[in-house]
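Summary of structural features
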Amino acid sequence: DQAVPVYIAARHIEAPRRLFVCTTRSRPVADRVAEALAEGPDRSRTVVIDPFDVPAIIDKLEEDEWLKSARDPVFDLTGGTKLMWAAGHRRWTDVGRGRAVYVETAQRRLYFLDTFETAPLQPIMTIKAFLDLSGLAYKKGTPAGQQIPRDPALRETLWDLRWVLG
């Protein structure tokens, strides 16, 4: 359900293809992230898993042709359950190549888990992208970045996340 951090990581890390691992419940979130990244089916796809079945998650990742053929895969371990994180980390170490990353929104940093280097996260998102990722309606015909939300909770959320908005 962490659309914003996953989107931010994806924007910071170029990849020829993206494989989103999600649950049935978070599938709409993965779809929104892929749509916001403007990547078609040849560039991104989704694998739906049971978030508490680590062996099944590992099996799905081992069987995935995109992951098998990736020369330098990046495993974004942001979001999901702790067991999903563990399965992703296990698969990354089994693959023996590529990098694992984690987005820490409180510190506004991207962590590279193989070296523990960090990089600052830059504001790379428009308000429209934020609203799209959040699954909120965006009024058509309003220029991007011009609409002011009238809902106080949404205004507060946008203010709290203003560092990601460009």
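Keep in mind that this is a model prediction, so the values were computed, not measured. (Residues numbered from 1 in each chain as written. Predicted model: local features only at pLDDT ≥ 70, side-chain atom pairs only at ≥ 80, totals over all residues. Heavy atoms only, no water.)

Once that is clear, we can look at the overall build of the protein chain. Counting secondary structure elements, the protein chain contains seven helices and six strands. Walking the protein chain from its N terminus toward its C terminus, one meets helices and strands in the order α-β-α-β-α-α-β-α-β-β-β-α-α. For the protein chain, buried positions account for 38% of its 166 residues. Of the contacts formed within the protein chain by residues at least 6 apart in sequence, a portion of 60% connects residues at least 24 apart. (Helix = DSSP H or I, 4+ residues; strand = E, 2+ residues; numbered from the N terminus. Buried < 20%, exposed > 50% of the residue type's maximum accessible area, 1.4 Å probe, protein only. Contact = heavy atoms within 4.5 Å.)

Attention shifts here to the nonpolar core. Within the largest apolar cluster, 14 residues are counted, with the highest numbers of intra-cluster contacts made by Ile-49, Ile-57, Phe-75, Leu-77 and Ala-100. Secondary structure elements with two or more residues in this core: α3 (54-63) and α5 (82-95). Of all hydrophobic cores here, the second largest spans 13 residues; its members include Val-6, Tyr-7, Ala-10 and Ala-34. (Core = buried A, V, L, I, M, F, W, Y, C linked by side-chain atoms within 4.5 Å.)

The next point concerns the packing of aromatic side chains. Summed over the entire model, instances satisfying the criterion amount to zero aromatic pairs. When the ring centre of Trp-66 is taken as reference, the NZ or CZ atom of Arg-45 above it lies at 4.8 Å. (Phe/Tyr/Trp six-rings, centres within 6.5 Å; stacked < 30°, edge-to-face > 60°. Lys NZ or Arg CZ within 6 Å of the ring centre and 35° of its normal.)

In total, this model carries six salt bridges according to the counting rule given. For Lys-68, the salt bridge identified is with Glu-65, shortest N-O distance 3.4 Å. With a gap of three residues between them, Lys-68 and Glu-65 both fall in helix α4 (residues 65-69), about one helical turn apart. Between Arg-90 and Asp-94 there is a salt bridge, and its shortest N-O distance comes to 3.2 Å. You can see Arg-90 and its partner Asp-94 sitting in helix α5, four residues apart, about one turn around the helix. Here Arg-90 falls in the partly exposed class, since its relative accessible area comes to 47%. The class for Asp-94 is partly exposed, based on a relative accessible area of 38%. The structure contains a network of salt bridges with shared partners spanning Arg-99, Asp-114 and Glu-117. (Salt bridge = Lys/Arg side-chain N within 4 Å of Asp/Glu carboxyl O.)

Turning our eyes to something else, we now look at the confidence of the model for the protein chain. The predicted model of the protein chain has a mean per-residue pLDDT of 79, with 77% of residues at 70 or higher. Per-element confidence in the protein chain ranges from a low mean pLDDT of 66 for helix α7 (residues 152-160) to a high of 92 for strand β6 (residues 117-120). (pLDDT = per-residue confidence, 0-100.)

So, about unusual backbone geometry. Peptide bonds are mostly trans, and most non-glycine residues show a negative phi. Of note, Arg-108 is a non-glycine position whose phi angle comes to about 55°, a positive value. Position of Arg-108 among the secondary structure elements: in the loop between β4 (99-104) and β5 (109-112). Here the phi dihedral of Phe-116 falls at roughly 60°; this positive angle occurs in a residue that is not glycine. Residue placement: Phe-116 occurs in the loop between β5 and β6.

Before going further, it helps to spend a moment on the environment of Lys-60. Relative to the elements of secondary structure, Lys-60 occurs in helix α3. In this structure the C-alpha to C-alpha distance between Lys-60 and Val-48, which are twelve residues apart in sequence, comes to 9.2 Å. Look past the residues within four positions of Lys-60 in its chain and what remains in contact with it is Val-47, Val-48 and Ile-49.

Axis separation between α3 and α5 bottoms out at 9 Å; the angle between their running directions is 40°. For the element pair α3 / α5, the angle class is oblique. Considering only the axes of α3 and α5, their crossing is right-handed. Contact with α3, carried on its side by Val-54, Ile-57, Ile-58, Leu-61 and Glu-62, involves Leu-83, Met-84, Ala-87, Gly-88, Arg-90, Arg-91 and Asp-94 of α5 and no other residues of that element. Considering only residue class, the contact of α3 with α5 consists of seven nonpolar, one polar and four charged. (Axes fitted to C-alpha atoms, helices over the stretch in contact; angles between N-to-C directions. Parallel < 35°, antiparallel > 145°, perpendicular 65-115°, else oblique. Left-handed = near helix turned anticlockwise from the far one by under 90°. Nonpolar A, V, L, I, M, F, W, Y, C, P; charged D, E, K, R; others polar.)

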